[in-house]
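The lines below spell out each chain.
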Amino acid sequence: MRALVLLALPVAASALSAAAPAAAQPAKKAQVTEASTAPPGVAFTRHQEAPLWKVTRHPGDGKGAYATGAYRNLFSELLGVPREAVKARIDATWRAYFQGDGQEQRLYFETGANANGTLAYVTDWANNDARSEGMSYGMMIAVQLDHKREFDALWNWAKTYMQVTDPANPSYGYFAWSMGTDGSPRSTGAAPDGEEFFAMALYFAANRWGNGTGIYDYKAEADRILTAMRHRAVMTGTPPFRIHPGDAPFVQPDHPWPSINNRAEAAALAAQGKSPPPPWRDPAPKPHAVGPMTEESHAMVRFVADVGYPGSDASYHLPAFYELWARWGPEADRAFWAKAADVSRDYFVRVTNARTGLAPDHSYFDGSTMTTGTGEPYPFGYDSWRTASNWSVDANWWGKDPRQKALSTAIQTFLAGEGIDRFADRYTLDGKPLSQRHSPGMVAATAVAGLAGTPEPLARAFVKELWDTPMPEGEQRYFDGMLYLMSMMHLAGEYRIITPPVR
């Protein structure tokens, strides 16, 4: 896979480009109800959101692992792989990504210490940056596999470098979605998927290891994140912004950020007589307004907290987490998160193509179609790989919504028909391929759909394909590798609800 585009909007940007090859990255279009600054190729139109539909409610604890305590191991159940061999594969993948060869395997790097202890980041190797998405994924993996040192080091780096502490920045309190591995900014705004995984990983850490002091009072930190996500006041400012008071104002460079790691992309562009595109720079900065990461009117997570950008991203919807926040989170917001879980289950059905099981990268809050800068409906893109995994983990943990089996069966049936060893990694929702790349991260996330109860032959085929897929290595190992390891853990029954200790 070729080098990735690093699109850094002045205030906020999604992890949408996390796995996007430069040549294939689609233009983004935000369709807004308020004025905002738009990068090239983004057209602003107006959409009148329909009121929230009559939500299908699923009260109680459900029939999944939360209620039963039982987690399926599909590698053993469907393939007959001994549990010891499955655990050995997961442990080996952990060692590679957290302790392995620094050039071809490792994603986790320690970088000194401060008063709070060791500092470490997870990097998007090809782009030579650290993203809130990857940092929070690394923390989730670490707490699930009981690696406290690595968890604390990642959280320390995120708090030290990524959290916006300059009160003049309208993203104050959130975590910048992209930072250079030297701690310098690539963006000064946040993406909600990182905040969601930070919060969930911190609650699990509190339950597994107990709360410490300062930044290691895990539950207090998780509560703070969730409170900000829903209640953060709207703040307005005009760029350039700072991450921390005393920093130099962040201005997008007029040349590409150097990355020594995307050699294949550099060579491919050079062969065509081309150079990497520079990051977008706002030619005439305008005020930005940043508020909560949730949309109160529709009880769901927003695409970004910039109030000028509408809609949501189905891959940000994590009902399995919301159910836990409805039990463990700040008490004043528990009813909201219980409702958000049910809204997300409906949203999956509303935005996903019933025949192909493919969900778009971006939709309106009411579930209606949003179009790109070229006027086409938003496609199934790189973010979208995660959506089937999200609803399937919800099915596994909670077992509340029988519609999730149909959604999982649809996507596995469609992609099996495309060729389980060669399906594309981007599609229109009705199934037209938009790329020629077959991505191990998408294979992994789609295999997780078997946890929603897809027909056994179909589930077995995807689980076997993942088991037979080598661990992603090399320049483009970041997004593929994170999804690969987490999906292996899900399918092995090693990605669990870590409950508070019984007292």
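Residues numbered from 1 in each chain as written. Predicted model: local features only at pLDDT ≥ 70, side-chain atom pairs only at ≥ 80, totals over all residues. Heavy atoms only, no water.

## Description of the overall build of the protein chain
For step 1, the next point in the chain: Helix and strand counts for the protein chain stand at 15 helices and eight strands.
For step 2, the next point in the chain: Counting the 503 residues in the protein chain, one finds 62% classified as buried.
For step 3, the next point in the chain: Long-range contacts, defined as pairs at least 24 residues apart, comprise 71% of the intrachain contacts of the protein chain with a sequence gap of at least 6.
For step 4, the next point in the chain: With an accessible surface of roughly 17900 Å², the protein chain has 54% of that area assigned to carbon and sulfur atoms. (Helix = DSSP H or I, 4+ residues; strand = E, 2+ residues; numbered from the N terminus. Buried < 20%, exposed > 50% of the residue type's maximum accessible area, 1.4 Å probe, protein only. Contact = heavy atoms within 4.5 Å. Areas by Shrake-Rupley, 256 points an atom, 1.4 Å probe, with all protein chains shown as cover.)

## With respect to helix H6 (residues 192-209)
For step 1, the next point in the chain: Its 18 residues give H6 an end-to-end C-alpha distance of 26 Å, which sits within 8% of 26 Å, the value for a rise of 1.5 Å per residue.
For step 2, the next point in the chain: Counting buried residues along H6, 16 of its 18 residues qualify, which places the element largely inside the surrounding structure.
For step 3, the next point in the chain: Remark: glycine 210 follows H6 within two positions and exhibits a positive phi of approximately 85°. (Expected span 1.5 Å × (residues − 1).)

## Some words on the environment of alanine 168
For step 1, the next point in the chain: Secondary-structure assignment places alanine 168 in the loop between helix H5 (148-162) and strand S4 (178-180).
For step 2, the next point in the chain: A sequence separation of 74 residues divides alanine 168 from arginine 242, and the C-alpha atoms of the two residues are 7.9 Å apart.

## Considering the side chain of arginine 230
For step 1, the next point in the chain: Among the secondary structure elements, arginine 230 is positioned in helix H7 (residues 218-231).
For step 2, the next point in the chain: A distance of 2.4 Å separates polar atoms of two side chains, one belonging to arginine 230 and the other to glutamate 296.
For step 3, the next point in the chain: Not counting chain neighbours up to four residues away, the residues in contact with arginine 230 comprise Pro292, Thr294, Glu296, Ala332, Asp333 and Phe336. (Polar contact = N/O pair within 3.5 Å; in protein donor to acceptor, adjacent residues only side chain to side chain.)

## Brief notes about the environment of glycine 481
For step 1, the next point in the chain: Mapped onto the fold, glycine 481 is located in helix H15 (residues 477-491).
For step 2, the next point in the chain: Distance in space between the C-alpha atoms of glycine 481 and alanine 444 is 9.4 Å, their sequence separation being 37 residues.
For step 3, the next point in the chain: Once residues within four sequence positions are removed from consideration, glycine 481 is found in contact with Tyr97 and Pro472.

## With respect to H15
For step 1, the next point in the chain: The end-to-end C-alpha separation of H15 is 20 Å, in line with the 21 Å expected for 15 residues at 1.5 Å each.
For step 2, the next point in the chain: By the criterion of burial, H15 is predominantly enclosed, with 15 of the 15 residues buried.
For step 3, the next point in the chain: Of the residues one or two after H15, glycine 493 is the one with positive phi, at around 75°.

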